[in-house]
Amino acid sequence: MLLRLQAGLQDPQLESILALCKDLGLTTSFLEGRRDLVQVDGPADPRILVRLEGHPLVRNVIDRGDVRWQVDADPDRAETVVTAGHARFGGGWVSIAAGPCAVEDEARMTAIARDVKERGATLLRGGAYKPRTSPYAFQGLGEVGLEILARVKADVGIGIVTEVMDTRDVDKVAAVADMVQVGARNMANYPLLRELAKCGRPVMLKRGFGATVSEFLGAAEYLLEGGNPNVVLCERGVRGFDSVTRDMLDVGAIAHLETATHLPVIGDPSHAAGRADLVPNLARAALAAGADGLMVEVHDAPEEARSDAGQALSMARFGALVERSRALAELLGKRVAVCPSSSEDNADRIGMEFA
Ligand code: PEP
Ligand code: MN
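Residues numbered from 1 in each chain as written. Chains lettered and ligands numbered in written order. Predicted model: local features only at pLDDT ≥ 70, side-chain atom pairs only at ≥ 80, totals over all residues. Heavy atoms only, no water.

Overview of the overall build of the chain
Alright, step 1. Secondary structure summary: the chain contains 12 helices and 15 strands in total.
Alright, step 2. Taking 2.2 N^0.38 as the reference for a compact globule, 355 residues should give roughly 20 Å; the C-alpha atoms of the chain span a radius of gyration of 23 Å, in line with that estimate.
Alright, step 3. If you line up the chain on its principal axes, its C-alpha atoms span 75 × 45 × 40 Å.
Alright, step 4. Counting across all 355 residues of the chain, residues that qualify as buried make up 52%.
Alright, step 5. Across the chain, every contact between residues at least 6 apart in sequence was considered, and the portion connecting residues at least 24 apart equals 70%.
Alright, step 6. When the accessible surface of the chain is totalled, it reaches about 15,500 Å², and 50% of it is carbon and sulfur.
Alright, step 7. Side chains of the chain give 40 positive and 50 negative charges; the mean places of these two sets differ by 2 Å. (Helix = DSSP H or I, 4+ residues; strand = E, 2+ residues; numbered from the N terminus. Rg over C-alpha atoms; globule rule 2.2 N^0.38 Å. Buried < 20%, exposed > 50% of the residue type's maximum accessible area, 1.4 Å probe, protein only. Contact = heavy atoms within 4.5 Å. Areas by Shrake-Rupley, 256 points an atom, 1.4 Å probe, with all protein chains shown as cover. Lys, Arg positive; Asp, Glu negative; His and termini not counted. Charge placed at Lys NZ, Arg CZ, Asp CG, Glu CD.)

Structure below.
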């Protein structure tokens, strides 16, 4: 590691930082002729890096040396492929999660599930617990919503991705979900991430709309460090200055993450745009930037959706989006995962995979 110290430090201050390094099991040597550049060698432990980075006498760490985060891309290991039901994300696989913003009622959810599966989704999305900006807005059906999701999964044979907001609900949600979603508002809810690290399910971690890429990766690191290697990162748009779209899909972040981490990265054009008409083009932009999948909001009657109605795609438009995603994926040398068509067969396999 190479540290740059604050300028003009006095001898006792230099000695204190050298003593700390020694206590941490590190050897130190000043770069020739410099009192502010220290080469530090020893264990490649991120805890030591964090300790030194936060030290008041250290201006910055110029070179992390061999210290790696678990999320970091590693030339010596393959990309992580995350599997949930019949969905596969990463390693050349693209998967599409689709469904309404919220679970509304069972008949509707079943019909939507059949339809999105038929048109090429491998995961059904839909929140039972909804993080709403207004406490007066529809908050989701809670446990009833989870029960609906469990029956729809068994009936239709499609895996489920659904959000958990509260540590107290992790077990209940993980019992139903093939993939547990952490919403943008909870990306930095570290107690929740710690629970999800032990939940036994893959996690779809959405980027906070005010979070930097480095904070996003830090949140993912909580999951990996806590023992859950199955993490899919989801870019869902960050706050911009223009209200023409709800948020701004950060395709630069998708391109960057594809090189910076071995974890799969997907795009959510629905929450980024907030407008159904822009979703197909933004979905293509996400895939073109390197995304390993998409999550889109789809509704059988968008105008009746109880939340995020303006951004929900109709079934026909969703079908067209899948077709185009397949063509684009092929062009990019990737494959879009599909559900086998027999629902009984599929339900069995989903049950077996997560038995
Ligand atoms: C959602 O997926 O419905 C949702 C609430 O998304 P986000 O957390 O990205 O706002
Ligand atoms: Mn939504």
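Section: the nonpolar core
Alright, step 1. In this structure, Val116, Leu124, Leu196, Leu205, Leu233 and Phe318 are the most contacted members of the largest nonpolar core, which totals 71 residues.
Alright, step 2. Ranked by the residues each element gives to this core, the list is headed by helix α7 (residues 213-225), at seven residues.
Alright, step 3. With sequence-adjacent residues up to four places away left out, Leu233 is seen in contact with Leu205, Phe216, Leu217, Ala220, Leu257, Thr261, Leu263, Pro264, Val265 and Ile266.
Alright, step 4. Core analysis: the next-biggest nonpolar cluster, separate from the first, contains 19 residues, Leu3, Leu26, Val61 and Val67 among them. (Core = buried A, V, L, I, M, F, W, Y, C linked by side-chain atoms within 4.5 Å.)

A closer look at the coordination of the manganese ion (ligand 2)
Alright, step 1. On the protein side, the manganese ion (ligand 2) has Cys101 (SG), His271 (NE2), Glu297 (OE) and Asp308 (OD) as donor atoms, found 2.0 to 2.4 Å from it.
Alright, step 2. Spacing between the donor residues of the manganese ion (ligand 2) along the chain follows C-x169-H-x25-E-x10-D. One end of the pair, Glu297, is in strand β14 (residues 293-297); the other, Asp308, is in the loop between β14 and α11 (315-331), with 11 residues separating them in the sequence.
Alright, step 3. Under the relative-accessibility criterion, Glu297 is labelled buried at 1%. (Donors = N, O, S within 2.8 Å, 3.2 Å for Na, K, Ca; no water.)

Section: the layout of surface pockets
Alright, step 1. In this structure, the largest pocket occupies an estimated 470 Å³ of space.
Alright, step 2. Pro46, Val50, Trp69, Gly218 and Glu221 are the residues nearest the centre of the largest pocket, which is lined by 16 residues in total.
Alright, step 3. Elements with a contribution of two residues or more to the lining of the largest pocket: α2 (46-53) and α7.
Alright, step 4. When residues of the lining of the largest pocket are assigned to their parent elements, the largest contribution, six residues, is made by α7.
Alright, step 5. Considered class by class, the residues forming the lining of the largest pocket number six nonpolar, three polar and seven charged.
Alright, step 6. Of the residues that make up the lining of the largest pocket, three or more belong to each of domain 1 (2-63) and domain 2 (82-354).
Alright, step 7. Empty space within the second largest pocket amounts to approximately 210 Å³.
Alright, step 8. Lining the second largest pocket we find 16 residues, and of these Pro131, Arg185, Arg246, His271 and Asp308 sit closest to its centre. (1 Å grid on protein atoms, 1.4 Å probe; cavity = no way out; pocket = protein on both sides within 12 Å on 5 of 7 lines; lining within 4 Å. Points joined across faces, edges and corners; volume = space filled by probe spheres on them. Nonpolar A, V, L, I, M, F, W, Y, C, P; charged D, E, K, R; others polar. Domains from an automatic or database assignment.)

A look at the domain arrangement of the chain
Alright, step 1. Taken domain by domain, the chain consists of domain 1 (2-63) and domain 2 (82-354).
Alright, step 2. The distance between the C-alpha centroids of domain 1 and domain 2 comes to 43 Å.

Observations regarding the pattern of salt bridges
Alright, step 1. Taken as a whole and assessed by the stated rule, the structure comprises 27 salt bridges.
Alright, step 2. With a closest N to O distance of 3.8 Å, Arg108 and Glu104 form a salt bridge. No difference in accessibility class separates Arg108 from Glu104, as the two residues are buried.
Alright, step 3. The network of salt bridges with shared partners includes Asp45, Arg47, Arg194 and Glu225. (Salt bridge = Lys/Arg side-chain N within 4 Å of Asp/Glu carboxyl O.)

Quick notes on the site of ligand 1
Alright, step 1. In the region of ligand 1, 13 residues are neighbours, and Arg125, Lys130, Ala184, Lys206 and Arg236 sit closest.
Alright, step 2. Between ligand 1 and Lys206 there is a distance of 2.9 Å, counted from an oxygen atom to a side-chain nitrogen or oxygen.
Alright, step 3. Isolated, ligand 1 exposes 300 Å² of accessible area, and the fraction of that covered by the protein chains is 97%.
Alright, step 4. Taken atom by atom, the bulk of ligand 1 overlaps the second largest pocket.
Alright, step 5. Of the residues belonging to the shell around ligand 1, the class tally is three nonpolar, three polar and seven charged. (Near = heavy atom within 4 Å. Polar contact = N/O pair within 3.5 Å; in protein donor to acceptor, adjacent residues only side chain to side chain. Sits in = over half its atoms within 2 Å of the grid points.)

What about α2?
Alright, step 1. Turning to α2, its buried residues are Pro46, Ile48, Leu49 and Leu52. For α2, the angular spread of buried residues about the axis comes to 155 degrees, placing them on one side.
Alright, step 2. As for α2, its buried residues are in contact with β1 (2-5), α1 (11-23) and β4 (58-63).
Alright, step 3. Where α2 begins, the capping side chain belongs to Asp45, and its oxygen is found 2.8 Å from the backbone nitrogen of Arg47. (Arc of directions from axis to C-beta.)

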